[in-house]
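# Coordinate inspection notes
Residues per chain, in single letters:
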Amino acid sequence: MHIKRSRIALAMLIILILAAAGYIYNDVANNHGLSLGLDLEGGVYVLLEAQPAPGETVDRNSLERARAIIQNRVDQLGTKEPEITIEGSNRIRVAIPGIEDQEQVLELVGQTALLEFKSGQKIDDEIVYETIVTGDALKEAVVKFDNRTNKAIVSLTLSDEAGQVMQEFTSKNIGNLLYITLDGVPISTPVIEDAVGKSAAISGNFSDAEAAELALLLRSGALPVPLIARESRAIGPRLGRDSLAKSLFAGAIGAAAVLLFMIIIYRGFGGVANISLLAYMTIVLFGLKITNSTLTLPGIAGLILGLGMAVDANIIIFERIKEELKTGRALKIAIENGFSRAIVTVVDANVTTLIAAGVLYWFGSGPIRGFAVTLTMSIGSSMITAVLITRWLLRLLVDSNMIKTAKSIGRV
Amino acid sequence: MKNREIIKHRKIFYIISAIILITGILSLSIFKLNLGIDFSSGTILEIDLDEDVSTGEVRDIVNQVDLSQEPSIREVGDSGIVQIKTESLTKELRQDMLDKLRERYPEMTLEKIDQVDPVFGKELARQAFLALAIAMVLMVVYITWRFEFKFAITAIVALVYDVLFVLAFLAITQMEINNEFIAAILLIVGYSINDTIVIFDRVRENLKLKKRDETLAEVVNKSLQQSLTRSIHTSITTLLTVGAILVLGGSTLRIFSLSLFLGIISGTYSSLFLASPLWLDWRLKSEKKRA
């Protein structure tokens, strides 16, 4: 009875691991699982930094408003799952997967988009401007088509109060120029033909696309603080997909090579290690999925390396067991002893690497952080699978008398 | 297992290591690292021209744009993508360059644009190295607690040696370093310290079991012999995985995986032939002082 039970337990454990692995691989392969970094999926990434007026600092409130405004702008592009996050005290990280036009995105997120209506007075050869109304007062901005010129224009609706101010101003200044500026640069300078109130229109020489973009910017509102792009990257989807395919293939080959090596060197126990490795990979992928981590290209490479190192725990254990066997101990005892001693080694070695990963998480930002998370999960999983799975499998194998002699562990 | 006298010959290994170290430091100062734009700021465009074009031709077009520094133009990757590297460009200049290129090569596809601001460029590296420095301090604390101070310092020495080794190689070959390199350094740090600790663990254990007539040198040598199989097997498995990436992983990861490959080889070497003998000599010296 005793033997049968452990054989059943063994079979169940292996089936469980295979099932979990199958589930996770299926999940990830169909891309329900992991979110891919831009270097794998393609897209645009921008790191913006707030540039307050000299002497001023950026307050959290303005930064959050800026973030919301940018989110608003990006959402109107209709892309899937853009990520716009605040970083540190003065930075905003924007990542938009699947989009290709970097310049468009930079325009969209970088522009302060402060709209102003100004009057200009010529004093001694210079024009002195005075702001009448700003974009704060904007209630609506849509693209319309001018009947006469058939060109796209942006039609604005101001608030009631601003409308009144405009009404007063325009009625007094018929025949003069109205300067409409965006971020200080004039985009339209129409002659005031008659008094206008709440409704105004901006007609520059806009293409349809330009008018649409301007309307979008105005609708979202002006950024409370100017932002400049410190870093921007655009990856074409083909390069991304290519990198992903190649690295996955490399990972598969590498894993196969390791599994083969383990069986050749450690025979039966090598097979145990391989199942343990399968469990390791499954746990790591599961962990990444749960934490919603973004997988980047270096991240994948880190995982592949992690596979090679996860084997290390098993190798340390097996070498210990071999030594115990050399001193003539019975198989069962050799395994237990080998295990207990080896675990101390494994923990000490891995904790030191975890320290490095932890510090990097704390001090790092963005991709470095993600990498630290992947590394930590890798190490954690390898320790768990070594301590639990390998041990269970070994015990069950010996209990069920499937491994009887020391020869199963390879050359002793 | 044959009786390999590692400790007896440690002077040889010291000399080898010293030569490598000096060559490394020299090459770093003379050749300097080839920093990609991630660290030095600039703009990189990677375009796929559908035809077979000489870089000279591309250069002629690029030079029509008002740049202040000579751009670097070369082919990258396996499928003939042209990479144009310039100083940090404004939006207008970027657009100008793209327009001119598209005019001449209407079929071109833009594979990648990277732009890093001058101020920002070095910040990430600074951040990463600060983090590593702090991590090293914490590691020293942990290792001192679990083992002893001498082990901690020699482990860190081996670590620094490994990093310098890889950096020296990159300086000599002038391969370009970007953000992923920081990830590679972290992995090398992890592997190196991991490897060293496993060996120190064995030394620690054998010290406890030391017999009266055994010298310290014999204990260390025995530990190294016992750990040799494991070290080699682990490096083989790790090198198999990294080797797969190196060969099959595409050009984007080439420098990254090459750094890892070298780092792992160096890490294995430094744990066996540098850290342990150093510890031994240090310990012997301080015991002599006490006597």
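Whatever comes next refers back to the structure up there.
Residues numbered from 1 in each chain as written. Chains lettered and ligands numbered in written order. Predicted model: local features only at pLDDT ≥ 70, side-chain atom pairs only at ≥ 80, totals over all residues. Heavy atoms only, no water.

Moving on, we come to the packing of helix α7 (residues 237-290) of chain A against helix α8 (residues 216-248) of chain B. One way to put it is that α7(A) packs onto α8(B) with a least axis distance of 8 Å and a crossing angle of 155°. By the angle between their directions, the pair α7(A) and α8(B) is classed as roughly antiparallel. The way α7(A) lies across α8(B) gives a crossing that is right-handed. Residues A:K246, A:F249, A:A250, A:I253, A:G254, A:A257, A:V258, A:F261, A:I265 and A:Y266 of α7(A) lie in contact with α8(B), whose contacting residues are B:H233, B:I236, B:T237, B:L240, B:T241, B:A244, B:I245 and B:L248. Residue composition of the contact of α7(A) with α8(B), by class: 13 nonpolar, 4 polar and 1 charged. (Axes fitted to C-alpha atoms, helices over the stretch in contact; angles between N-to-C directions. Helix = DSSP H or I, 4+ residues; strand = E, 2+ residues; numbered from the N terminus. Parallel < 35°, antiparallel > 145°, perpendicular 65-115°, else oblique. Left-handed = near helix turned anticlockwise from the far one by under 90°. Contact = heavy atoms within 4.5 Å. Nonpolar A, V, L, I, M, F, W, Y, C, P; charged D, E, K, R; others polar.)

What follows deals with the pattern of salt bridges. It is possible for side chains of opposite charge to pair when their charged atoms get near one another. Enumeration according to the criterion identifies 30 salt bridges over all chains in this entry. Ionic pairing is found between A:K118 and A:E116, a salt bridge with its closest N-O pair at 3.6 Å. Assigned by exposure class, A:K118 and A:E116 land together as buried. Between B:D195 and B:R230 there is a salt bridge whose closest N-O contact spans 2.9 Å. Of this pair, B:D195 sits in helix α7 (residues 179-208) while B:R230 sits in helix α8, and the two are 35 residues apart along the sequence. Of the two residues, B:D195 and B:R230, neither departs from the other in class, the shared state being buried. (Salt bridge = Lys/Arg side-chain N within 4 Å of Asp/Glu carboxyl O. Buried < 20%, exposed > 50% of the residue type's maximum accessible area, 1.4 Å probe, protein only.)

Before going further, it helps to examine the interface of chain A and chain B. Each partner contributes to the interface: chain A provides 65 residues, whereas chain B provides 68 residues. Carbon and sulfur atoms make up 64% of the area that chain A and chain B hide from each other, which totals about 5,800 Å². It is A:R230, A:L305 and A:D348 that lose the most area in chain A upon contact with chain B, and together they represent 11% of the buried surface on that side. Our count for the chain A to chain B interface comes out at 8 salt bridges. In this structure, the salt-bridge partner of A:R233 is B:D114, at a minimum N-O distance of 2.9 Å. Remark: the boundary between chain A and chain B carries 16 residue pairs in polar contact (both at pLDDT 80 or more). Elements represented by at least two residues in the side of chain A that touches chain B include exactly α4 (102-110), β12 (227-235), α7, α8 (297-326), α9 (331-363) and α10 (367-399) of chain A. Broken down by element, the side of chain A that touches chain B gets its largest block of residues, 16 residues, from α8(A). Grouping the constituent residues of the side of chain A that touches chain B by class yields 37 nonpolar, 14 polar and 14 charged. The pairing of β12(A) with strand β5 (residues 109-116) of chain B spans 5 bridges and is classified as antiparallel. (Buried area = accessible area lost by both parts, 1.4 Å probe. Polar contact = N/O pair within 3.5 Å; in protein donor to acceptor, adjacent residues only side chain to side chain. Pairing = 2+ DSSP bridges.)

Here the focus is the sheet that holds strand β10 (residues 185-188) of chain A. All names here are of chain A. Here we have 4 strands laid out as an open sheet, ordered β6-β5-β9-β10, and antiparallel in their pairing. Only two strands of the sheet have a single neighbouring strand rather than two, namely β6 (126-134) and β10. Averaged over all adjacent pairs, the angle separating strand axes in this sheet is 45°, with direction ignored. Strand direction decides the pairing type here: strand β5 (residues 115-123) and β6, joined by 8 bridges, are antiparallel. Bridged to G120 within β6 is Y129. Lying over the sheet, helix α5 (residues 160-172) contacts β5, β6 and β9 (178-182), oriented at roughly 145° with respect to β6.

This paragraph deals with the side chain of B:E176. Residues and elements named next belong to chain B. In this fold, E176 is placed in strand β6 (residues 176-177). Residue E176 is classed as buried on the basis of its relative accessible area, which comes to 11%. Within polar-contact distance, the side chain of E176 engages the side chain of K85 at 2.9 Å. A distance of 3.4 Å separates the side chain of E176 from the side chain of N178, its partner in a polar contact. If sequence neighbours within four positions are ignored, E176 has contacts with N34, L35, G36, I44, R74, K85 and I255.

Turning our attention to a nonpolar patch on the surface. All names here are of chain B. Residues L21, I22, I25, L26, I30, F31 and I172 make up a contiguous nonpolar surface patch of roughly 670 Å² in combined accessible area. A per-element tally of the nonpolar patch places helix α1 (residues 10-31) first, with 6 residues. When you line up the elements, I25 lands in helix α1. (Patch = residues over 30% accessible without salt bridge, like charges linked within 9 Å, V, L, I, M, F, W, Y side chains within 5 Å. Areas by Shrake-Rupley, 256 points an atom, 1.4 Å probe, with all protein chains shown as cover.)

Another aspect to go through is the pairing of β9(A). Residues and elements named next belong to chain A. Taking burial as the measure, the 5 residues of β9 include 5 buried ones, the bulk of the element. Burial of β9 is two-sided: the residues L178, I180 and L182 facing one way and the residues Y179 and T181 facing the other way are all buried. In the sheet, β9 pairs with β10 via 3 bridges, with the strands oriented antiparallel. Following the sheet pairing, L182 is matched in β10 by V185. Turn length for the β9-β10 hairpin, with the two strands adjacent in sequence and antiparallel, is 2 residues, and the turn residue D183 shows positive phi of about 55°.

Geometry only, nothing functional implied.
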